[in-house]
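Summary of structural features
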Amino acid sequence: LGCDAITSIDIPAKIEHIGVAAFNACDNLENINVSCDNVYFSSADGLLFDKDKITLLCVPGNKKGNFKIPPYVSQIGEQAFRGCEKLTNIDIHAKIKKIGDYAFENCNGLTYFNIPSTVSYIGKGIFSSCDNLETVEIKDGITSIENSSFSYCYKLKSITIPETVTSIGVEAFSYCTNLANIVIPDSVRKIGDYAFRFCENLESIT
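Figured I'd write up the structure that's included with this text.

Moving on: the packing of aromatic side chains. Within the structure shown, the criterion is met by twelve aromatic pairs. Ring geometry for Tyr175 versus Phe198: centroids 4.9 Å apart, planes at 35°, classification tilted. Of the two residues, Tyr175 sits in the loop between β15 (167–168) and β16 (181–182) while Phe198 sits in the loop between β17 (190–191) and β18 (204–205), which places them 23 residues apart along the sequence. Classification of Tyr175 as partly exposed rests on a relative accessible area of 22%. Overall, Phe198 belongs to the partly exposed group, its relative accessible area being 42%. Counting every residue linked through ring pairs, the aromatic cluster contains Phe67, Phe81, Phe104, Phe113, Phe127, Phe150, Phe173 and Phe196.

Now for the sheet that holds strand β12 (residues 135–138). Two modes of strand pairing occur in sheets, parallel and antiparallel, and in both the strands are linked by backbone hydrogen bonds. Spatial ordering of the open sheet is given by β10-β12-β14, a layout of three strands whose pairing is parallel. Each edge of the sheet is formed by a strand with only one pairing partner; in this case those strands are β10 (112–115) and β14 (158–160). Across the sheet, the mean angle separating the axes of adjacent strands is 5° when strand polarity is ignored. Relative to β12, β10 is paired through four bridges, and the arrangement is parallel. Bridge pairing in β12 links Tyr112 to Thr135.

A separate point is the state of the cysteines. Summed over all chains, the structure comprises one disulfide. Between the sulfur atoms of Cys3 and its disulfide mate Cys26 the distance is 2.2 Å. The sign of the S-S torsion, about -110°, decides the handedness of the disulfide formed by Cys3 and Cys26: left-handed. Residue Cys3 is found in the segment before β1 (8–11), and its partner Cys26 is found in the loop between β1 and β2 (31–34); the two are separated by 23 residues along the sequence. On the accessibility criterion, Cys3 (12% relative accessible area) is buried. For Cys26, a relative accessible area of 4% corresponds to the buried category. Unpaired in this structure, Cys153 has its nearest cysteine sulfur neighbour in Cys130, at a distance of 5.2 Å. What makes Cys153 buried here is its relative accessible area of 0%. For Cys199, which is in no disulfide, the shortest distance to another cysteine sulfur is to Cys176 and amounts to 5.2 Å. A residue is classified by how much of its surface remains accessible, and Cys199, at 10% relative accessible area, is buried.

Each value, and the rule that gives it
- Residues numbered from 1 in each chain as written.
- Predicted model: local features only at pLDDT ≥ 70, side-chain atom pairs only at ≥ 80, totals over all residues.
- Heavy atoms only, no water.
- Phe/Tyr/Trp six-rings, centres within 6.5 Å; stacked < 30°, edge-to-face > 60°.
- Helix = DSSP H or I, 4+ residues; strand = E, 2+ residues; numbered from the N terminus.
- Buried < 20%, exposed > 50% of the residue type's maximum accessible area, 1.4 Å probe, protein only.
- Pairing = 2+ DSSP bridges.
- Axes fitted to C-alpha atoms, helices over the stretch in contact; angles between N-to-C directions.
- Disulfide = S-S within 2.5 Å.

Dropping the structure here:
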């Protein structure tokens, strides 16, 4: 907290551990630069990755507009985009397999999101508190809507739950106050506690 003045961070070679969401409160951060001698982390275009650039670990909070996941990335780390309120679109390419917990929490600039069929896992709270998110399309491949995945998405009107989903987690859609209709496929075997709590405008569940 209190790091609003920071626009760039240089990570030296000797750093071995960076905590989850370490830079998420730095709203004006534009670039994270890692020493090429660091054996644990790497950077490119101001983004933070693991050494092999398989996992995208952190996107600086001052990134704006449309964002394309680099083509060499196959995983999006826990809270990687958390608080990136200035992004209006995030393009997930077909090589992404896993998206970590709370990856897009508080990304209030997003109104639409598409998750391709290559993604087999999305973490809990993935879109929690995305205030302006209206539509989410999830292709076949996901097997579970995790806990609090869409909680506090006040403007969410439409979501596609694919036939591959077998469970919907605790508070998955709580406080989705604009959600009017939802179709739960035959594949679902379990719905968690408070899954649709305070969905005040929900008119039908099929």
